[in-house]
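Architecture and fold: a report
Listed below, chain by chain, are the residues.
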Amino acid sequence: MSRKYNIAVIGASGAVGEELFYVLGDLNFPIANVLPLASANSAGKVIECQGKEYKIEELTEEVFEGRDIDIAFFSAGGNISETYAKYAIEAGAVVIDNTSHFRMDENVPLVVPEVNPEDIKSWRETGIIANPNCSTIQMVQALKPLHDMYGIKRVDVSTYQAVSGAGKPGAEELVQQMQDFFAFKLNESECKAFMHQIALNVIPHIDTPQANDYTKEEMKMVNETNKIMHSNFAVSATCVRVPVLRSHSEAITITFDESVDINVERVRLALNDFENVEVMDNIHEGLYPMPTTATDTDITFVGRIRKDNFADNILHIWVVADQLRVGAATNSIRIAQKWVELEENA
């Protein structure tokens, strides 16, 4: 990278926004200046990025004017992206959007850089590159090398999603309810971030129910997977909220063509050789990824790799990644890195 870039972070005081500042430092992204933006409630607060302090400013329609922003990271909710992304684009920035608002727009590339970096080239059509759902990102990173090797026919996935996937209020609610449990007053705890008690419980309901009785979160995984992978295989998801603070886990069953006879060792090698994926897989020694394994890392971990007992063309795997990093901030910055490469080599 031959130059430094002016960036804006919209949603600077939120969980993903805060993580973006950490990852920008960890990945040594070439920053000239940072414009942190949030609601009026957060204006004036100070954030740190790459050793420098910046004051959060209020997000307005005019705030991008004359600021020479190159890249604007949006992570403040779909309605904010819908309203304000156009002003960043008009001011000359490329928008990397971490909300669901633009993901299924046919003119907006939906990108996981390890899987479909070539799609970034179409960013000029709208000025936007969409960051996929966190659960989708870690899943397609594991699916891509296997699809290339065998050709996938169907994927069935059950997720075990951490409470911080619902933002700071989700994490705070779990902590508060656990404190109430040990104080023998869990029955007095309020349920605001989640419909039901999350402490010592699991909730098989993430996001809004749809007409087909799947939730919006589940349908994101279905639709986004095929857009990213340029595929048309069947996907079915059951998304579950679990009382874990950070990092999502997924139990994935992959069905290949009936002619495929899976070689598990080849699968391990293909996954371990894939960019930003690491295999941890020895059940006899208690070696497998867990949320504590993945938290604060930029790696997608895969374990419990095994062929089905009854069909040679069916594979079962377990995938874990930090959803605030791999599933949001890190993927956004990896998109930005690829975009920079593209622009500098144009």
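To be clear, the structure that these remarks concern was listed above.
All chains use their own residue numbering, which begins from 1 and follows the written sequence. Only residues with pLDDT of 70 or above have their local features reported here, since the model is predicted, and side-chain atom pairs are shown and tallied only from 80 upward, although totals for entire chains, interfaces and linings are computed over all residues. Excluding hydrogens and water, the side-chain figures rest on all heavy atoms present in the structure.

**Some thoughts on the overall build of the protein chain**
The helix and strand labels rest on DSSP assignments: H or I over at least four residues marks a helix, E over at least two residues marks a strand, and numbering proceeds from the N terminus. Of the regular secondary structure elements, the protein chain holds eight helices and 14 strands. Radius of gyration (C-alpha) of the protein chain: 20 Å, near the 20 Å computed for a compact globule of 346 residues. Burial analysis of the protein chain (346 residues in total) assigns 54% to the buried set. The positive count covers Lys and Arg only, the negative count covers Asp and Glu only, and His and the chain ends enter neither. Taken as the charge centre is NZ of Lys, CZ of Arg, CG of Asp or CD of Glu, depending on the residue. Counting 29 positive and 51 negative side-chain charges, the protein chain places the centres of these two groups 1 Å from one another. We compute the radius of gyration over the C-alpha atoms and compare it with the globule rule, which gives 2.2 Å times the number of residues raised to the power 0.38. The cut-offs for exposure are 20% and 50% of the maximum accessible area for each residue type, with area from a 1.4 Å probe on protein chains only; residues under the lower value are buried, those over the upper are exposed, and the others partly exposed.

**Some thoughts on the packing of helix α3 (residues 134–150) against helix α5 (residues 216–229)**
For every element, the axis is a line fit to its C-alpha atoms; helices are fit only across the contacting stretch, and the angle between N-to-C directions ranges from 0 to 180 degrees. Closest axis-to-axis distance for the α3/α5 pair is 10 Å, and the angle between their directions is 40 degrees. In terms of axis orientation, α3 runs oblique to α5. Remark: the crossing between α3 and α5 carries right-handed chirality. Across from Ser135, Thr136, Met139, Val140, Leu143, Lys144 and His147 in α3, the residues of α5 making contact are Glu217, Lys220, Met221, Glu224, Thr225, Ile228 and Met229. Each residue gets one label: Ala, Val, Leu, Ile, Met, Phe, Trp, Tyr, Cys and Pro are nonpolar, Asp, Glu, Lys and Arg are charged, and the others, such as Gly, are polar. Among the residues forming the contact of α3 with α5, the class breakdown is six nonpolar, four polar and four charged. In these notes the angle categories are as follows: under 35 degrees is roughly parallel, over 145 is roughly antiparallel, 65 to 115 is roughly perpendicular, and the rest is oblique. Take the far helix as your reference; a near helix turned counterclockwise from it by less than a right angle gives a left-handed crossing, and one turned clockwise gives a right-handed crossing. The contact definition used throughout considers only heavy atoms, calling two residues in contact when any of these lie within 4.5 Å.

**Observations regarding the sheet that holds strand β14 (residues 314–321)**
Between any two strands, pairing holds if DSSP finds at least two bridges. Taken in spatial order, the six strands of this open sheet run β10-β9-β11-β14-β13-β12, and their pairing is mixed. At either end of the open sheet lies a strand with only one pairing partner, and these are β10 (234–241) and β12 (277–279). Ignoring strand direction, the axes of neighbouring strands in this sheet form an average angle of 20 degrees. Pairing geometry for β12 and strand β13 (residues 300–307), over three bridges, is parallel.

**Some thoughts on unusual backbone geometry**
Even without being a glycine, Asn28 presents a positive backbone phi close to 55 degrees. Positionally, Asn28 belongs in the loop between α1 (15–26) and β2 (31–38). One non-glycine residue with positive phi stands out, namely Arg304, at about 50 degrees.

**Overview of the environment of Ile120**
Counting through the fold element by element, Ile120 comes out in the loop between β7 (94–97) and β8 (128–130). Take Ile120: its relative accessible area is 2%, and that puts it in the buried class. A sequence separation of 222 residues divides Ile120 from Leu342, and the C-alpha atoms of the two residues are 8.4 Å apart.

**Re helix α8 (residues 325–344)**
In the structure, α8 departs most strongly from a straight axis at Asn331, where the bend amounts to approximately 40 degrees. Counting buried positions along α8 gives 14 out of 20 residues, so the element sits mostly inside the fold. Throughout, bend refers to the angle between the axes fitted to the seven residues that end at a position and the seven residues that start at it.

**With respect to the pattern of salt bridges**
A pairing counts as a salt bridge when a side-chain nitrogen of Lys or Arg comes within 4 Å of a carboxyl oxygen of Asp or Glu. Evaluation of the coordinates by the stated rule reveals 21 salt bridges. When the shortest N-O distance is used, the salt bridge between Glu343 and Arg124 registers 2.9 Å. With Glu343 in helix α8 and Arg124 in the loop between β7 and β8, the pair connects residues that are 219 residues apart, well separated along the chain. Since its relative accessible area comes to 25%, Glu343 is described here as partly exposed. Residues joined by salt bridges that share partners form a network here, namely Glu19, Asp26, Arg246, Asp296, Asp298, Asp322 and Arg325.

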